[in-house]
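# Structure assessment
These are the residues of each chain, in order.
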Amino acid sequence: MRNPTFFAAAIGAAAAVFIVAALIGNDYLFFAGYTVVQYIVLAAAWNMLGGYCGYVNFGTAAFFALGAYTTVFFHKAYPLPIPVLLVIAAGVSGLVGLGTGYLTLRLRGAFFSIATLALAVVLQTFVVNWDYVGGSRGAYVIRPDSVDVFGFQLDYVRYLSLIMLLLAAVSVAISRAIERSKLGYGFATIRDDELAAEASGVPTLRLKLIATTLSGALMGMAGAPFPYYIGYVEPASTFGLTYAVNAIAMPLIGGTTVWFGPLIGSILLGTLTQIATVTISSAVNLLLVGLLLVGFVIVAPNGLVGLIREFLRAASPGRPDVRSIGLVAVASYGFIVGVLEVVFSLAALTAPDATGLMLAFAGLVLACLWIVSAYGMMTLQRWSPLMATIAFALSIVVGAIHIWADRTAFNISLWGAGGAVAIVSLWFLQRRYVQQLYRPKLTELEVAA
Amino acid sequence: MSALLQVSGLGKRFGGFVALDGIDLEVAEGERLGLIGPNGSGKSTLVNCLCGTLANEHGTVTFEGRVLNGMPAHTRTRLGLARSFQLPRPFGSMSVADNLKVPLLYAVDRRAHGHLTAAQTEERCEELLRLVGLVDCARKFPRDLTQVDMRKLELARAMAAEPKLLIADEAMAGLSHSEVSDIVALLIRLNERGTTVILIEHIMRAVMHFSQRLVVLVSGRKIADGKPEEVIRDPEVERAYLGQ
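The structure displayed is predicted, hence computed values, not measured ones.

### Things to note about the overall build of chain B
Along its length, chain B carries nine helices and ten strands. Here the C-alpha atoms of chain B give a radius of gyration of 18 Å, agreeing with the 18 Å that 2.2 N^0.38 yields for 244 residues. Each of the three principal axes of chain B carries a C-alpha extent, and together these read 55 × 40 × 35 Å. Burial statistics for chain B: of 244 residues in total, 44% are counted as buried. For chain B, the proportion of contacts with a sequence separation of at least 24, taken over those separated by at least 6, is 66%.

### Comments concerning the overall build of chain A
A count of helices and strands for chain A gives 21 helices and four strands. Here the C-alpha atoms of chain A give a radius of gyration of 24 Å, agreeing with the 22 Å that 2.2 N^0.38 yields for 449 residues. Projected onto its principal axes, the C-alpha positions of chain A cover 75 × 60 × 40 Å. In chain A, which comprises 449 residues, the share counted as buried stands at 47%. For chain A, the proportion of contacts with a sequence separation of at least 24, taken over those separated by at least 6, is 75%.

### So, the domain arrangement of chain A
Residues and elements named next belong to chain A. Segmentation of chain A into domains returns domain 1 (3-255) and domain 2 (303-448). Using only C-alpha atoms to locate each centre, domain 1 and domain 2 end up separated by 36 Å. Contacts between the two partners involve four residues from domain 1 and, on the opposite side, four residues from domain 2. Grouping the amino acids of the side of domain 1 that touches domain 2 by side-chain chemistry returns two nonpolar, two polar and no charged.

### Points about unusual backbone geometry
All names here are of chain B. Unusually for a residue other than glycine, Glu 162 sits at a positive phi of about 45 degrees. Residue placement: Glu 162 occurs in the loop between helix H5 (147-160) and strand E7 (165-169). Phi angles above zero are rare outside glycine, and Glu 170 is one such case at about 45 degrees. Looking at the element boundaries, Glu 170 is found in the loop between E7 and helix H6 (177-192).

### With respect to H5 of chain B
Residues and elements named next belong to chain B. Taking 1.5 Å of rise per residue, 14 residues should cover 20 Å, and H5 covers 20 Å from first to last C-alpha, within 8% of that figure. In terms of burial, H5 is a largely internal element, eleven of the 14 residues being buried. Listing the buried residues of H5 in full gives Asp 149, Arg 151, Lys 152, Leu 153, Glu 154, Leu 155, Ala 156, Arg 157, Ala 158, Met 159 and Ala 160. Once H5 ends, the next one or two residues include Glu 162, with phi positive near 45 degrees.

### Side note on the nonpolar core
All names here are of chain A. Counting 203 residues, the largest nonpolar core has Leu 42 and Ala 168 as the members making the most contacts within it. Both domains that meet at this core, namely domain 1 (3-255) and domain 2 (303-448), each give it at least three residues. Among all residues touching Ala 168, those that are not within four sequence positions of it are Ala 14, Val 37, Ile 40 and Val 41.

### Things to note about the packing of helix H12 (residues 241-254) of chain A against helix H14 (residues 284-299) of chain A
Residue and element names in this part refer to chain A. With their axes 10 Å apart at the nearest point, H12 and H14 run at an angle of 35 degrees to one another. The chirality of how H12 crosses H14 is left-handed. Across the interface between the two elements, Thr 242, Val 245, Asn 246, Ala 249, Leu 252 and Ile 253 of H12 pack against Leu 286, Val 289, Leu 292, Leu 293 and Phe 296 of H14. Looking at the contact of H12 with H14, its residues break down into nine nonpolar, two polar and no charged.

### Let's talk about the sheet that holds strand E4 (residues 58-63) of chain B
Residue and element names in this part refer to chain B. Spatially, four strands are ordered E2-E1-E4-E5 in an open sheet, and the strand pairing comes out antiparallel. Looking along the sheet, the strands with just one partner apiece sit at the ends: strand E2 (17-28) and strand E5 (66-67). Two strands pair when backbone bridges link them, and strand E1 (residues 3-14) and E2 are joined in this way by eight bridges, in the antiparallel orientation. Across the sheet, the residue bridging to Lys 12 is Leu 20, located in E2. With respect to the sheet, helix H1 (residues 43-51) is in contact with E1, E2 and E4, its orientation differing from that of E2 by roughly 65 degrees.

### Some remarks on the interface of chain A and chain B
Counting from both sides, the interface comprises 17 residues of chain A and, opposite them, 23 residues of chain B. Elements with a minimum of two residues in the side of chain A that touches chain B: helix H7 (182-192) and helix H8 (194-199) of chain A. Across the side of chain A that touches chain B, the residue classes tally to seven nonpolar, five polar and five charged.

### Some words on helix H5 (residues 109-128) of chain A
Residues and elements named next belong to chain A. Here H5 spans 30 Å end to end across 20 residues, near enough to the 28 Å set by a 1.5 Å rise per residue. Residues of H5 that are buried include every one of Phe 112, Thr 116, Leu 119, Ala 120, Leu 123 and Val 127, and no others. The buried residues of H5 occupy one face: seen down the axis, they fall within an arc of 95 degrees. Every exposed residue of H5 that faces more than 90 degrees away from the buried side is listed here: Ala 110, Phe 111, Val 121 and Thr 125. In the core, the buried residues of H5 are packed alongside helix H3 (60-77), helix H4 (82-104) and helix H11 (235-238).

### With respect to the confidence of the model for chain B
Per-residue pLDDT for chain B has a mean of 89; in total, 98% of the residues score no lower than 70. Across the predicted assembly, pTM comes out at 0.87 and ipTM at 0.89.

### Describing the packing of helix H3 (residues 96-111) of chain B against H5 of chain B
Residue and element names in this part refer to chain B. Running from N to C, H3 and H5 point in directions that differ by 30 degrees, and their axes come no closer than 7 Å. Here H5 runs roughly parallel to H3, going by the angle between their axes. For the pair H3 and H5, the sense of crossing is right-handed. Here H3 contributes Val 96, Asn 99, Leu 100, Pro 103 and Leu 104 to the contact with H5, which in turn contributes Leu 153, Ala 156, Arg 157 and Ala 160. Split into classes, the residues belonging to the contact of H3 with H5 amount to seven nonpolar, one polar and one charged.

The rules behind these values
Residues numbered from 1 in each chain as written. Chains lettered and ligands numbered in written order. Predicted model: local features only at pLDDT ≥ 70, side-chain atom pairs only at ≥ 80, totals over all residues. Helix = DSSP H or I, 4+ residues; strand = E, 2+ residues; numbered from the N terminus. Rg over C-alpha atoms; globule rule 2.2 N^0.38 Å. Buried ≥ 20, exposed ≤ 12 C-beta atoms within 10 Å, placed from the backbone. Contact = placed C-beta atoms within 7 Å. Domains from an automatic or database assignment. Nonpolar A, V, L, I, M, F, W, Y, C, P; charged D, E, K, R; others polar. Expected span 1.5 Å × (residues − 1). Core = buried A, V, L, I, M, F, W, Y, C linked by C-beta atoms within 7 Å. Axes fitted to C-alpha atoms, helices over the stretch in contact; angles between N-to-C directions. Left-handed = near helix turned anticlockwise from the far one by under 90°. Pairing = 2+ DSSP bridges. Arc of directions from axis to C-beta. pLDDT = per-residue confidence, 0-100. Parallel < 35°, antiparallel > 145°, perpendicular 65-115°, else oblique.

Structure representation (structure tokens):
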């Protein structure tokens with residue numbers, strides 16, 4: 001797809017999501033959805049420098065807060081409409097990005113990351129001591145009830161969500177455009193080998209400055225509507241570790257080298273943390289993110305996208321075919337449901353009665369089985385089909401026990417669906433043409449026999 | 001023949017160690033120059049100073065009448081001064097074909113003032129792959145290549161910048177007899193198309209076959225410069241190589 005077409009499609013998708021959400025009509029959906037979409041922007045922005053160029057930025061919160069405090073400043077000095085604030089925040093954060101980049105990009109690896117962390121500390125100290133924007137006690141930003149958009153009266157939270165959705169569409173489109181352009185090639189050479197890049201005529205310093213500026217500007221834009229959304233901003237949380245950690249974890253879990261990696265990662269992780277906030281507590285968020293991050297770094301260092309690509313390369317060296325894509329679909333389902341199951345089981349653990357504990361335990365076992373079988377299916381070269389089959393077969397047994405222990409109508413239908421998927425997966429795994437995907441392993445076994 | 005590259009009084013030290021000590025060197029357009037010297041004699045440091053990877057402390061490097069001092073490496077590549085690395089440094093996340101596209105996009109296209117179309121880039125990339133014999137590997141990743149192919153890729157990437165002067169830094173180390181001949185033939189073919197080549201090499205057979213002129217570096221000094229047959233009979237060169 002050409003860039004303008006993709007851009008139009010992305011905007012269209014954003015508008016469609018908004019319309020569907022508006023038809024559902026739940027205010028909480030907008031409130032939670034805003035955070036998820038905000039992370040799409042942050043993850044895409046982080047990935048331009050961290051994923052494409054290989055420079056790990058720990059200062060996401062600094063750029064985000066810069067955008068937020070630009071809004072606070074103008075809210076007090078001269079209230080402006082949000083789209084204008086977005087442009088100003090982009091300018092301010094972009095300039096700071098450029099300046100930081102110029103000062104720090106001669107540092108490599110961990111030293112660059114430490115410098116970005118220092119930037120966050122410096123900016124936070126600056127804001128804490130700046131009384132006009134509230135200092136350390138914070139500032140209230142009262143949002144209007146509704147806003148007039150082309151003659152429509154729109155609820156303000158919905159209006160902010162719409163803006164954030166459009167911003168997400170723009171940042172994803174920019175990521176994709178960069179990836180397929182000359183600039184994208186240049187960024188990748190910086191990530192791979194800067195010395196060789198220079199020798200091939202790539203002006204590395206200039207490209208890195210472009211990346212920091214662009215990345216900083218988008219992070220600032222993500223932060224600009226934030227004060228209106230949250231109503232009260234104070235330095236400690238606006239500069240919080242959560243933004244930095246999430247902005248790194250999301251692209252890493254999704255996959256850093258392609259534009260849809262951060263998109264997948266942020267939707268998955270963003271939704272997960274929102275669910276965990278409601279069902280368990282907001283403090284568990286970061287723990288979940290941390291555990292997933294550690295898991296992925298060990299098991300799939302190139303993220304979900306890397307895992308799937310590796311699988312497709314191993315399973316069908318030519319073009320991806322129906323059976324391998326079918327396996328990917330089944331594995332992804334097992335993985336996502338497994339992760340969600342962990343979250344819901346943890347929620348059950350917060351109310352510890354005998355049935356609850358047993359349900360939670362069964363749920364955790366089931367979740368592990370699903371995740372493990374999903375992983376097993378994705379790494380065919382190392383796993384025999386037997387292992388994935390056993391994992392799925394066990395999940396049916398555990399699922400049945402689960403239903404028996406907790407016989408409410410809702411759970412029966414839920415677990416019934418899960419069991420059905422496990423049975424279909426089992427049948428699928430035993431098909432001859434799927435078994436052939438494991439051929440290297442099978443022939444090895446035959447030779448041994 | 002006019003001098004394409006002129007080096008005068010080039011000096012570089014690392015702390016107290018003098019790596020290059022007043023090197024004077026001229027390379028004429030269209031020449032095939034061999035550069036030899038024992039390990040640690042400063043050959044790679046010289047290449048790094050010529051190409052801008054390291055900054056020289058004394059002396060000047062002049063390329064086509066332009067003084068290069070202080071100029072970053074990528075600008076030198078764009079001017080037409082390309083090098084290959086002693087240990088291949090491919091872009092690991094890109095396919096072989098994409099590796100070659102980088103200099104085409106960033107050096108050649110720049111020289112053509114952005115007039116290089118996507119089709120032309122593909123075409124030149126294809127041509128280069130054919131020239132070095134990597135057509136079958138175009139879609140492979142560098143990690144899947146053999147050592148020979150990796151060295152060919154390294155050389156091809158330097159060639160892709162369409163340089164006026166190509167510096168091949170030990171492009172043949174560790175290769176077999178016939179593979180060395182392949183690469184020497186490739187470099188000679190490149191030279192016949194008008195590219196000046198400096199070959200840095202330990203394999204004497206290759207150097208003697210390739211070079212029109214031979215320069216010897218020992219401990220950061222140039223001790224000989226002349227016709228290959230005469231240079232290797234020079235008593236000072238014999239002493240440096242064989243010891244006495």
